[in-house]
Amino acid sequence: MTSTRPVLRASGLCKTFGSGAALVRAVDGVDLDVAPGETVAIMGPSGCGKSTLLHLLGGLERSSAGEIDLAGECVSGISERALAHLRRTAIGFVFQGFYLMDELTAIENVELPGLLARRSPKAARARARELLEQVGLADRTGFLPSALSGGQRQRVAIARALINQPMIVLADEPTGNLDSTATVEVLRLFESLHESGQTLVIVTHEQRVAATADRLVSMRDGAFVDETRMTGGSRGDLGKLIGLGGE
Amino acid sequence: MKGQVVLVWRLAVRDLRRHPVEALMALLVIATAATTLTVALALSGVTNQPYQQTRLATAGPDVIAIEGGGPVSAQPVSSAQLAAAVASLTTAPGVIAHSGPYPTAYSAVRFRGHTVDVVAEGRDQAPAPVDQPKVMQGGWIRPGAVVIERGFADALGVHVGDNVRLGGLSFRVAGIAVTAAVPPYPSSLCHIACPFPAAVGSFGVPNMGLVWLTRSAVAGLARSGAPLAYLLNLKLADPAQAPAFVAQHPDTFTWQSVQSAINALIGIEQVALGVGGWLLGLLALAGLGVLASRRITEQSKRVGLLKAVGATPATVALVLLVEQLTLAVGAAAAGLLAGWLIAPLLTGTGAGLVGAPGAPSISVLAVITITVIALAVAAISSLVPAIRAARTSTVSALADAPRVPSRRPLVIAVSARLPVPLLLALRQLSRRPRRALLNTISIALTVTGIVAILASHAHIPIANLTISNLKLDRFNELTAIITVMLVILAAVNTTFIGWATAADGRFSSALERALGATAGQVTAGLSMAALLPALPGAIIGIPLGIGVYHLLASGTPLTVPPAWQLAGVLLATLLAVTVLTAIPSRLSARRSPAQVLQTE
Amino acid sequence: MQQEVVLALLAKEPSQGYQLRARLDEALGSLGEGLNAGHIYVTLGRLEKTGMVALEEPPEGRIQRADRKVYYLTPAGQERVFQWLSEVSWPRPDLAEFHLKLVAATQAGLADPVSIIDTQRRELLRRLRDAQRAAMRELDDSNAALLLEGVVLRLQADLRWLEACERSWARRRDGS
């Protein structure tokens, strides 16, 4: 088996909060390899540390111990500036709460990381428009978030995460605040991203979302406890699925 | 009912305890504002008709007559001549009362190495019907003791109980008093009508002090080259007729000329005090404005929470009001106390210039005004959100950002082309334009004040007054105190604005960092968001300060402080704004983005 | 293929086998493509034996080809269709079997119940993935998409029950 270098490799990641009697081990010795183009889903009950893990991987939080490698480069001990550089070039983050700027239109929200990465305003805007088309919001580029539905807002957020062509997109409970219709919209989007070769790591507690992954990792009390390879079945099984199998 | 009261109190206290930094900042802003307003009101009281107050308190004369004195070669006036002159004056039509004649000698006082020329007036121990100097400290004259005019005493640094040498003899200072008959130190009788030509030197009349002694002591002071003069105080039926009276009688002068002498003297100081007072007051109000607007937004969130737990709109309003009042009253009290302590510092100096007796440092009016203002701020900050919330549904009140921050497409478009810190700064400003405006106003007021004071300093060498070093020191002291207060208040306002901007921008700053801005860029952005409005404010303050001084010091040519001073003020202001606003932004950038995003 | 379904499809008019097949395909959309073509005929054969369905008499003298046979409902068949249409029974979930599997395995010491559950969960997750992917390939609101949505939702429910099973059995195992 040819081993392609993993896009993301974490070894021995730990994150503790508080001290003494109030010490909380949010992440307790996590190892994770993510191959290029792979979709990994991390599932677990609330409070198991999966969001904290994602924040560590995304450079939004500093780990207490352990190493993170991104495309072979060690990124765990780097300076705040270098971390910020990573966040605008190599990593795209999607939050459960969307976190769009309320006073910016959809396209202004999407182009913002581009501007922060010192792209020319024209280039950033053009790419933002492209991405909004890709996520199916070409006719809503000038809308404010308050005029968009939850699913549309999350799609804008996903477009925003993609603007700097990140190596890896990290999504923290992306469908947590969405109804089932909006969830399907977002899952469709993730599916198409997966098809175009984007590496994804999704944290979720919903099986529907986890079922889109190539690999499913279960987490409990800050550590991984299980891993499932989700290989696809053939369409022939569909008859059984829908209950029309023979008697 | 009682349960309701306890509940309201508990909710209010809990709210305050949960956001200690906020409460502290509010306390600081209100207290500083209260102190400043107190001082401002005290200052305006001091310069308000002080001469009239003195005249009233001392039964000031309408006309003062001088007999005797004269040049070196003159003979002392005989008692018969004196009696005749006195009789003709006191029986003149329109005169209803008189006191004197009082023997007056030209001498010198020596105290702690200082020697200053004085006019020494001999008085009776019994009070006079016209011009009885009002003792401010200590007591009236007695044998072997001297009473010193208040302005002179301040300048010399003399206190009741000290010993001074007068004409070679030692006298104990029995008291310090004020009078309306002659202008206070450093002006003197000789500035109006000098009976002692010997006193006039080649450079004009020097500063002369005024002291009161017993008649016998004064008689002993008379020198051979400077015979005694006699002062006679007259009261007219119609004080307004004094100039007409003086026109008919030689060697007399009016109370109006005393007043003009005082006004000419304190002109500059009055301007400085007036300007200082106004600016301090406006600056305080600007700071309170920012505070109130911020409290309103903060309280809107609280309202949603309170409604969600079942509080009626009335209870909500009560809780907010109690919260705000506790803060406001506490801060106002602290401010009044501080103002009460500081004001004498200023009016004490001012009194030396003006000699207003019995003017309290803090009038009841001042206390009422300040309390009312503090309560108004508290009431507005609590009632506006409560009223709004009573109208909107609980759900939309809870929706944390019920109002979209203001959006300026032009700013957003322009900022896209700028370096990251400027981009962040401009967008931050466009979210809250009113606060930026208050920032500009605040800085403009401060710089106006400082420049006006610098202009008054630049004026002094030009003005045609001989001012002693002692007086100049006092003037410098006064303006220094006003400047310090302006600067402190501006610093508090700026820090508050910087803190408020950082606090309000916590979420967007964390998000910007999550999207790839460095902590340094975010901090720089927040600092610039404070600096950009400050710059035009500082620049405008320079011509405003010059103009304000010119306007109030009417009749004087335009005085412009030296360029290096103006440049210095500009640079110092901008530097101070940068530093003061960098601190809270730096502090808020220390938490990781994830933690901030999750808690907001 | 449930017999009642074929009966009901025949209720419209006497039809040949391939016509029934066509109606089935239309109702199932793209999912129908995967079905075994011969199943219909097997079911029709069974129904003929039980007297629900009968073959039309061929015209005089002509030898009927097997696939040109025309079927029609007998009165018994019609009655059965009306009965079926008004029934409210829902396909029975087969939870008891799985539950008993776990109990038996535990009591006999044959296997760890938690690992049985995990294996089943993985299988269901894979099926969920397949169903979901298939659903996404369909157009919204098509027959196929609607069917698959039902599959997805039921799999989700089953998965939730399996999670509950896992928690419960893990507790029992750790407690004992």
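Counting from 1, residues in each chain are numbered in the order their sequence is written. Note on labels: chains are lettered from A, ligands numbered from 1, in written order. Local features in this predicted model are restricted to residues whose pLDDT is 70 or higher, and side-chain atom pairs enter the listing and the counts only when it is 80 or higher, whereas totals over whole chains, interfaces and linings include all residues.

In this section: the overall build of chain A. Along its length, chain A carries eight helices and ten strands. C-alpha extents for chain A along the principal axes are approximately 60 × 50 × 40 Å. When burial is assessed residue by residue, chain A has 49% of its 247 residues classed as buried. For the purpose of contact definition, each residue receives a C-beta atom placed from its backbone, and two residues are in contact when these atoms lie within 7 Å. A fraction of 69% describes how many contacts in chain A between residues 6 or more apart in sequence connect residues 24 or more apart. Put simply, DSSP H or I for four residues or longer makes a helix, DSSP E for two residues or longer makes a strand, and each gets a number counted from the N terminus. To assign burial, the other C-beta atoms lying within 10 Å of each residue's own C-beta are counted, with C-beta atoms placed from the backbone; 20 or more indicates buried, 12 or fewer indicates exposed, and intermediate counts indicate partly exposed.

Scanning chain C from N- to C-terminus turns up seven helices and three strands. What you see in chain C, going N to C, is helices and strands ordered as α-β-α-α-β-β-α-α-α-α. Here the globule rule is a power law, 2.2 Å times the number of residues to the power 0.38, and the radius of gyration is based on C-alpha atoms. The globule rule puts the C-alpha radius of gyration for 176 residues at 16 Å, and the 22 Å found for chain C is more than 25% above it. Principal-axis analysis of the C-alpha atoms gives chain C an extent of 80 × 40 × 30 Å.

Moving on to the interface of chain A and chain B. A common measure of how large an interface is: the accessible area buried when the components associate. Counting from both sides, the interface comprises 24 residues of chain A and, opposite them, 24 residues of chain B. Listing elements by their share of the side of chain A that touches chain B, those giving two or more residues are helix 2 (80-89) and helix 3 (106-116) of chain A. Here the nonpolar group is Ala, Val, Leu, Ile, Met, Phe, Trp, Tyr, Cys and Pro; Asp, Glu, Lys and Arg are the charged ones; every other residue, Gly included, is treated as polar. Of the residues that constitute the side of chain A that touches chain B, the class distribution is 13 nonpolar, two polar and nine charged.

Residue and element names in this part refer to chain C. All domain edges in this entry derive from an automatic or database-based domain assignment. Under the domain assignment, chain C is made up of domain 1 (3-86) and domain 2 (95-175). Summarising the inter-unit geometry, the C-alpha centres of domain 1 and domain 2 are found 35 Å apart. Each residue belonging to the side of domain 1 that touches domain 2 can be placed in one class, and the counts come to three nonpolar, two polar and no charged.

This part covers the pairing of strand 9 (residues 215-220) of chain A. Residue and element names in this part refer to chain A. Pairs of strands are assigned from DSSP output, requiring at least two bridges between the strands. The pairing of strand 3 (residues 39-43) with strand 9 spans four bridges and is parallel. Counted as the bridge partner of Ala 41 is Leu 216 from strand 9. Here six bridges tie strand 9 to strand 10 (residues 223-229), and the two strands are oriented antiparallel to one another. Of the residues in strand 10, the one forming a bridge with Val 217 is Glu 227. Between strand 9 and strand 10, which follow one another and run antiparallel, lie two residues, and Asp 221 among them has a positive phi close to 55°.

Our focus in this paragraph is the sheet that holds strand 1 (residues 15-16) of chain C. All names here are of chain C. Taken together, the three strands give an open sheet; going across it, the order is 1-3-2, and neighbouring strands pair in antiparallel fashion. For this open sheet the edge positions go to strand 1 and strand 2 (53-55), each flanked by a neighbour on one side alone. Direction of pairing for strand 1 relative to strand 3 (residues 70-73): antiparallel, over a ladder of two bridges. Each bridged residue has a counterpart across the sheet, and for Ser 15 the counterpart in strand 3 is Tyr 71.

It is worth spelling out the environment of Leu 279 of chain B at this point. Residues and elements named next belong to chain B. With respect to the helices and strands, the residue Leu 279 is situated in helix 9 (residues 255-308). For Leu 279, a count of 28 C-beta atoms within 10 Å translates into the label buried. For Leu 279 and Val 569, which are 290 residues apart along the polypeptide, the C-alpha to C-alpha distance reads 17 Å. Beyond its immediate stretch of four places on either side in the chain, Leu 279 contacts Leu 445, Thr 448, Gly 449 and Leu 486.

For the rest of this paragraph, the subject is helix 19 (residues 563-588) of chain B. Expected helix span is given by 1.5 Å per residue-to-residue step, counting one fewer step than there are residues. Here helix 19 of chain B contains 26 residues, and its C-alpha end-to-end distance of 38 Å stays within 8% of the 38 Å for a straight helix at 1.5 Å per residue. Looking only at helix 19 of chain B, the buried set comprises Leu 566, Val 569, Thr 573, Val 577, Leu 580, Thr 581, Pro 584, Ser 585 and Ser 588 of chain B.

Before going further, it helps to spend a moment on the packing of helix 1 (residues 3-10) of chain C against helix 3 (residues 39-49) of chain C. Residue and element names in this part refer to chain C. Interaxial distance between helix 1 and helix 3 falls to 10 Å at its minimum, and their mutual angle equals 90°. Taken together, the axes of helix 1 and helix 3 lie roughly perpendicular to each other. Every residue of helix 3 that contacts helix 1 at Gln 3, Val 6 and Leu 7 is listed here: Ile 40, Thr 43, Leu 44, Arg 46 and Leu 47. For the contact of helix 1 with helix 3, a count of residues per class yields five nonpolar, two polar and one charged. The angle between two axes is taken between their N-to-C directions and runs from 0 to 180 degrees, where each axis is a line fitted to C-alpha atoms and a helix contributes only its stretch in contact. Just so you know how the angles are binned, under 35 degrees is roughly parallel, over 145 roughly antiparallel, 65 to 115 roughly perpendicular, and the rest oblique.

Here the focus is the sheet that holds strand 6 (residues 91-94) of chain A. All names here are of chain A. Taking strand neighbours across the sheet as the criterion, the six strands line up as 6-7-8-3-9-10 in an open arrangement whose pairing is mixed. Edge positions in the sheet fall to strand 6 and strand 10, since each has one partner strand and no second. The mean inter-strand angle of the sheet, taken between neighbouring strand axes irrespective of direction, is 20°.

All right, on to unusual backbone geometry then. Residues and elements named next belong to chain B. Geometrically, the link from Gly 100 to Pro 101 is a cis peptide bond, its omega value of 5° lying close to zero. One can find Pro 101 in strand 2 (residues 95-111). The phi dihedral of Ala 59 falls on the positive side, at around 55°, and the residue is not glycine. Structurally, the position occupied by Ala 59 is in the loop between helix 3 (50-58) and strand 1 (63-68). When the 19 C-beta atoms within 10 Å are taken as the criterion, Ala 59 is described as partly exposed. The phi dihedral of Asp 131 is positive, around 55°, even though this residue is not glycine. Secondary-structure assignment places Asp 131 in the loop between strand 3 (114-123) and strand 4 (134-138).

Turning our eyes to something else, we now look at the packing of helix 3 of chain A against helix 5 (residues 150-162) of chain A. Residue and element names in this part refer to chain A. Orientation of helix 3 relative to helix 5, taken along the N-to-C sense of each, is 30°, at an axis distance of 7 Å. Our classification of the angle between helix 3 and helix 5 gives roughly parallel. In this structure, the crossing between helix 3 and helix 5 has a hand that is right-handed. In this structure, helix 3 contributes Ala 106, Asn 109, Val 110, Leu 112 and Pro 113 to the contact, and helix 5 contributes Val 156, Ala 159 and Arg 160. Among the residues forming the contact of helix 3 with helix 5, the class breakdown is six nonpolar, one polar and one charged. What makes a crossing left-handed is the near helix being turned counterclockwise from the far one by less than a right angle; a clockwise turn instead makes it right-handed.

With that settled, consider the nonpolar core. In this structure, Val 201 of chain A together with Ile 30, Ala 34, Ala 374 and Val 451 of chain B are the most contacted members of the largest nonpolar core, which totals 176 residues. Residue contributions to this core peak at 14 residues, all from helix 18 (residues 519-552) of chain B. Among residues more than four places away in sequence, those in contact with Val 201 of chain A are Val 34, Val 40, Ile 42, Leu 54, Leu 57, Ile 168 and Leu 170 of chain A. Residues of type Ala, Val, Leu, Ile, Met, Phe, Trp, Tyr and Cys that are buried and joined through C-beta atoms within 7 Å form what is called a nonpolar core. Counting residues in hydrophobic clusters, the runner-up holds 61 residues, among them Ala 177, Ala 180, Ala 229 and Phe 245 of chain B.

Attention shifts here to the pairing of strand 7 (residues 169-178) of chain B. Residue and element names in this part refer to chain B. Burial within strand 7 is extensive, with seven of its ten residues counted as buried. As paired elements, strand 4 and strand 7 share four bridges and run antiparallel to each other. Residue pairing in the sheet places Gln 137 in a bridge with Ile 176 of strand 7. Relative to strand 7, strand 5 (residues 145-149) runs parallel, the two sharing five bridges. The partner of Glu 149 across the bridge, within strand 7, is Ala 177.

So, about the environment of Gly 47 of chain A. All names here are of chain A. Take Gly 47: it is sitting in the loop between strand 3 and helix 1 (50-57). Judged by C-beta crowding, with 13 C-beta atoms within 10 Å, Gly 47 ranks as partly exposed. Each C-alpha atom of the pair Gly 47 and Ala 182 lies 25 Å from the other, and the pair is 135 residues apart in sequence.

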